[in-house]
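# Geometric and topological summary
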Amino acid sequence: MNVGNIYCIGRNYVKHAEELGNAVPEEPLLFSKPTHALVQADGREITLPQDKGEIHHELEIVLQMKREVKAGDRVADVVGAIALGVDLTLRDVQSALKKKGHPWLRAKGFKQSAIVGSFWDFTSVEDCEQVDFSFVKNGEVVQKGNISHMIFDFQTIIDECADCFGLGEGDLVYTGTPEGVGPLTSGDTCQLFWGEEEKGSFRVR
């Protein structure tokens with residue numbers, strides 16, 4: 001997978017912001033992950049930190065750019081592929097960093113913290129609105145979302161990232177997680193679903 005930068009949107013669903021006791025943002029909350037954080041959800045076992053407190057799963061739609069984004073581009077002009085991903089968060093570490101007013105990188109950018117399933121061709125925003133996506137842990141649906149519930153839609157997210165940082169071919173954008181985030185533990189089996197179709201899986205070590 002030829003990946004450039006990895007950008008992420010925080011608190012992009014109202015119910016997720018509320019479940020963590022956070023204010024609903026008035027503009028996209030942006031952060032990034034190193035490319036070394038990326039790992040594919042291809043059925044493999046993923047080893048996570050053992051001594052950093054709780055590690056939470058955050059299911060997201062991931063957009064991949066097919067070319068450089070320029071002013072005035074529409075979503076369908078620049079998004080070539082779509083996938084489901086999981087933004088892993090060291091929640092205890094993040095809480096401590098927030099209290100100190102420090103950046104989140106240690107909590108968000110650790111190795112194998114940007115999980116991504118298989119990509120498929122992006123067709124349209126309207127097509128995406130017709131399908132719910134879900135995260136299944138040990139056979140139970142623990143997260144379920146639809147892009148119609150986003151605070152900031154794909155166009156707003158892409159425009160903001162392009163304006164702030166630039167977006168180029170291969171760049172990934174994790175678009176935010178719905179409510180239902182929670183901890184992962186060793187032995188968990190996880191699956192990513194687009195409607196009824198599995199788009200990725202992994203096991204936790």
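Let us look at the structure shown here.

## Describing the overall build of the protein
Regarding its fold elements, the protein presents six helices and 16 strands. In terms of C-alpha radius of gyration, the protein reaches 16 Å, essentially the compact-globule figure of 17 Å for 205 residues. Projecting the C-alpha coordinates of the protein onto the three principal axes gives extents of approximately 45 × 40 × 30 Å. Looking at the protein residue by residue over its 205 residues, the buried ones come to 52%. At a minimum sequence separation of 6, the contacts of the protein that also span at least 24 residues come to 75%. About 9,700 Å² of surface is accessible on the protein, with carbon and sulfur atoms providing 44% of the total. Counting 21 positive and 32 negative side-chain charges, the protein places the centres of these two groups 8 Å from one another.

## A few points about the side chain of Asn-12
Mapped onto the elements, Asn-12 comes out in the loop between strand S1 (6–10) and helix H1 (14–19). The residues contacting Asn-12, other than those within four sequence positions of it, are His-149, Met-150, Ile-151, Phe-152, Ile-157, Thr-175 and Gly-176.

## Thoughts on empty space enclosed by the protein
Inspection of the entire model under this criterion finds one cavity of 30 Å³ or more. Quantified by volume, the largest cavity comes out at close to 100 Å³. No other element matches helix H3 (residues 91–100), which puts three residues into the lining of the largest cavity. Residue composition of the lining of the largest cavity, grouped by class: three nonpolar, four polar and six charged.

## Brief notes about the side chain of His-57
In this fold, His-57 is placed in strand S5 (residues 55–57). Looking at His-57, its side chain comes within polar contact range of the side chain of Gln-143, at 2.9 Å. Ignoring any residue separated from it by four or fewer positions in sequence, one finds His-57 in contact with Val-86, Asp-87, Leu-88, Phe-135, Lys-137, Val-142, Gln-143, Gly-180, Val-181, Gly-182, Pro-183 and Leu-184.

## Describing the sheet that holds strand S8 (residues 89–90)
The strand order across the open sheet formed by three strands is S8-S5-S14, and the pairing between neighbours is antiparallel. The open sheet has two edge strands with one neighbour each: S8 and strand S14 (182–183). Here S5 runs beside S8; their pairing, made up of two bridges, is antiparallel. Residue pairing in the sheet places His-56 in a bridge with Thr-89 of S8.

## As for the nonpolar core
Membership of the largest hydrophobic core comes to 46 residues, with the highest contact counts inside it found for Ile-61, Met-65, Phe-154, Ile-158 and Phe-202. Going through the elements one at a time, S1, strand S6 (59–65), helix H2 (75–78), strand S7 (79–87), strand S11 (133–137), helix H6 (154–164), strand S15 (189–194) and strand S16 (197–204) are the ones with two or more residues in this core.

## Thoughts on unusual backbone geometry
Across the chain, the bulk of peptide bonds are trans and the bulk of non-glycine residues have phi less than zero. Look at Gln-112: it is not a glycine, yet its phi comes out positive at around 65°. Residue placement: Gln-112 occurs in the loop between helix H4 (105–108) and strand S9 (114–116). Phi is positive for Asn-138, close to 55°, though the residue is something other than glycine. Along the polypeptide, Asn-138 turns up in the loop between S11 and strand S12 (140–145).

## A look at the environment of Ile-115
Structurally, the position occupied by Ile-115 is in strand S9. Sequence spacing of Ile-115 and Gly-176 is 61 residues, and the spatial spacing of their C-alpha atoms is 13 Å. For Ile-115, the contacting residues outside a window of four places in its chain are Val-39, Ala-41, Ile-46, Gly-85, Val-86, Leu-88, Tyr-174 and Phe-202.

## What to know about the pattern of salt bridges
Side-chain pairs of opposite charge can arise where the charged atoms are in close proximity. A full pass over the atoms with the stated rule returns seven salt bridges. Here Lys-33 ties to Asp-87 by a salt bridge, and the two come within 2.8 Å at their closest N and O atoms. Note that Lys-33 is positioned in strand S2 (residues 29–33) and Asp-87 in strand S7, a separation of 54 residues in sequence. In this pair, the class of Lys-33 matches that of Asp-87, namely buried. Note that Lys-108 and Glu-58 form a salt bridge whose closest N and O atoms lie 3.4 Å from each other.

Here is what the cut-offs are and how they apply
Per chain, the residues get numbers from 1 upward, laid out in the order the sequence is written. Per-residue local features of the predicted model are confined to residues with pLDDT of at least 70, and side-chain atom pairs are confined, for both listing and counting, to 80 or more; whole-chain, interface and lining totals are unaffected and use all residues. Side-chain numbers come from the whole structure's heavy atoms, not from hydrogens or water. Secondary structure elements follow DSSP: runs of H or I of four or more residues count as helices, runs of E of two or more count as strands, with numbering from the N terminus. C-alpha atoms define the radius of gyration, and 2.2 Å times the number of residues to the power 0.38 defines the globule rule. Only protein chains enter the calculation, and the probe is 1.4 Å; a residue is then buried if its accessible area is under 20% of its type maximum, exposed if over 50%, and partly exposed in between. Two residues qualify as a contact provided that any one of their heavy atoms is within 4.5 Å of a heavy atom in the partner residue. Only the protein chains shown count as cover for residues, with accessible areas throughout obtained via the Shrake-Rupley method and a probe of 1.4 Å. Positive charges come from Lys and Arg, negative ones from Asp and Glu, while His and the chain ends are left out of the count. A charged residue contributes its charge at one atom only: NZ of Lys, CZ of Arg, CG of Asp or CD of Glu. The definitions used throughout rest on a 1 Å grid laid over the protein atoms alone, on which a cavity is an enclosed set of points accommodating a 1.4 Å probe that cannot get out and a pocket is an open set flanked by protein within 12 Å on both sides along at least five of seven lines; lining residues are those having an atom within 4 Å of a point. Grid points are joined across faces, edges and corners, and a volume is the space filled by probe spheres set on the points. The residue classification treats Ala, Val, Leu, Ile, Met, Phe, Trp, Tyr, Cys and Pro as nonpolar and Asp, Glu, Lys and Arg as charged. All others, Gly included, are polar. Counted as a polar contact is a pair of N or O atoms within 3.5 Å, where, for protein atoms, one must be capable of donating a hydrogen and the other of accepting one, and residues adjacent in sequence contribute only when both atoms are in side chains. DSSP-based pairing: two strands are paired if at least 2 bridges between them are found. In this text, buried Ala, Val, Leu, Ile, Met, Phe, Trp, Tyr and Cys residues form a nonpolar core when linked through side-chain atoms within 4.5 Å. Between Lys or Arg on one side and Asp or Glu on the other, a salt bridge is scored when a side-chain nitrogen of the former is within 4 Å of a carboxyl oxygen of the latter.

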